[in-house]
Amino acid sequence: MSVNKIVRKVTTHVLQEMKLHGDKIAMLTAYDFSMARIIDEAEIDVILVGDSASNVMAGYDTTLPITLDNMIYHAASVSRGVRRALVVVDLPFGTYQGNSREALASAIKIMKETGASAVKLEGGQQVAESIERILSAGIPVMGHLGLTPQSIHKFGTYVVRAREEDEARRLLEDARILEKLGCFAIVLEKIPAKLAEEVTGTLKIPVIGIGAGPGTDGQVLVIHDMLGINQEFSPRFLRRYHNLHDEILKAVGQYISDVRSKDFPNEKEQY
Ligand code: KIV
């Protein structure tokens with residue numbers, strides 16, 4: 001992309017227009033400057049600085065250990081690489097649940113220190129007060145329902161959520177609550193496609209799915225999963241667009257061999 005090209009920045013309003021026009025929204029995670037710069041150049045609509053950084057960047061088993069300062073470090077790095085996409089940052093576990101004042105303070109810290117445009121948090125009715133307070137400061141909020149990884153110890157498993165009628169009904173109700181509160185979009189994670197389609201048809205705000213079928217207004221994937229950096233994680237919903245794990249292994253293997261055989265550096269690669 002030419003540096004002089006005029007860029008139309010993606011805003012929450014643009015996403016709303018996209019839903020109205022039936023244009024699908026493409027969202028990916030990123031956690032660092034270099035990756036964010038590439039996917040922004042590719043014209044991704046939304047970049048989520050997800051708390052999945054806890055898994056794919058820091059190597060933890062869950063999203064629970066990542067801190068607000070860790071998220072701010074990742075989000076500020078991402079923002080420096082982005083010209084066009086809307087940057088949304090996950091509020092990490094323990095920074096918004098059960099205390100709306102702390103939720104507001106966490107969201108303000110993210111907005112002040114990262115250059116991002118919105119925050120995302122998990123849950124419905126139970127986090128309504130936190131959402132309301134964050135919104136009252138003019139900070140756009142994206143909701144997240146279905147499989148909410150910050151509650152893994154409550155669920156006990158990462159299996160598909162809301163298969164039963166009761167849970168599906170509650171999810172639809174929560175989605176309505178999030179819209180009514182003023183969320184600009186929601187993520188639906190790992191729920192039946194039919195339910196996701198129903199939620200998408202019910203809400204006026206954009207609904208972005210991950211493992212929620214084709215009936216949502218857009219899709220999101222974790223960049224490490226879709227590029228095949230992460231080999232262990234292979235749920236049914238994941239489409240791998242590359243096998244970077246093997247590509248990196250091959251390139252690094254070649255480098256090691258070149259160093260050991262004294263092929264690198266050659267005459268042209270020195271001063
Ligand atoms: O943290 C994350 O990457 C997410 C996506 C899976 C939606 O919340």
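A. Representation of the site of the ligand. Lining the immediate surroundings of the ligand are Thr-29, Leu-48, Gly-50, Asp-51, Ser-52, Asp-90, Lys-120, His-144, Val-187, Ile-210 and Val-222. Asp-90 is positioned such that a nitrogen or oxygen atom in its side chain is 3.1 Å from an oxygen atom of the ligand. Contact distances for the ligand include 2.9 Å between an oxygen atom and a side-chain N or O atom of Lys-120. Coverage of the ligand by the protein chains reaches 95% of its 260 Å² of free accessible surface. Residues of the shell around the ligand, tallied by class, amount to four nonpolar, four polar and three charged.

B. Seen up close, unusual backbone geometry. A cis amide bond links Phe-264 with the next residue in sequence, Pro-265, at an omega value of -5 degrees. With respect to the helices and strands, Pro-265 occurs in the segment after α11 (244-260). Phi angles above zero are rare outside glycine, and Glu-43 is one such case at about 75 degrees. Among the structural elements, Glu-43 can be located in the loop between α2 (33-41) and β2 (46-49). Looking at Glu-43, the relative accessible area reads 36%, which means it is partly exposed. In this model, Lys-262 sits at a positive phi of 65 degrees, which is unusual for a non-glycine residue. Inspection of the secondary structure puts Lys-262 in the segment after α11.

C. Looking closely at the pattern of salt bridges. Scanning the entire structure with this criterion turns up nine salt bridges. Close ionic contact of Glu-113 with Lys-109 constitutes a salt bridge, the shortest N to O distance being 3.1 Å. Residue Glu-113 and its partner Lys-109 are located together in helix α5 (residues 100-114), separated by four residues, close to a single helical turn. By sharing partners, the salt bridges in this structure join Asp-69, Lys-109 and Glu-113 into a single network.

D. View of the packing of helix α4 (residues 68-80) against α5. Closest axis-to-axis distance for the α4/α5 pair is 9 Å, and the angle between their directions is 35 degrees. Helix-helix and strand crossings are classified by hand; for α4 and α5 the assignment is right-handed. Within the contact between the two elements, α4 uses Leu-68, Asp-69, Ile-72, Ala-75, Ala-76 and Ser-79 and α5 uses Ser-106, Lys-109, Ile-110, Glu-113 and Thr-114. Here the contact of α4 with α5 is composed, by residue class, of five nonpolar, three polar and three charged.

Definitions and cut-offs
- Residues numbered from 1 in each chain as written.
- Predicted model: local features only at pLDDT ≥ 70, side-chain atom pairs only at ≥ 80, totals over all residues.
- Heavy atoms only, no water.
- Near = heavy atom within 4 Å.
- Polar contact = N/O pair within 3.5 Å; in protein donor to acceptor, adjacent residues only side chain to side chain.
- Areas by Shrake-Rupley, 256 points an atom, 1.4 Å probe, with all protein chains shown as cover.
- Nonpolar A, V, L, I, M, F, W, Y, C, P; charged D, E, K, R; others polar.
- Helix = DSSP H or I, 4+ residues; strand = E, 2+ residues; numbered from the N terminus.
- Buried < 20%, exposed > 50% of the residue type's maximum accessible area, 1.4 Å probe, protein only.
- Salt bridge = Lys/Arg side-chain N within 4 Å of Asp/Glu carboxyl O.
- Axes fitted to C-alpha atoms, helices over the stretch in contact; angles between N-to-C directions.
- Left-handed = near helix turned anticlockwise from the far one by under 90°.
- Contact = heavy atoms within 4.5 Å.

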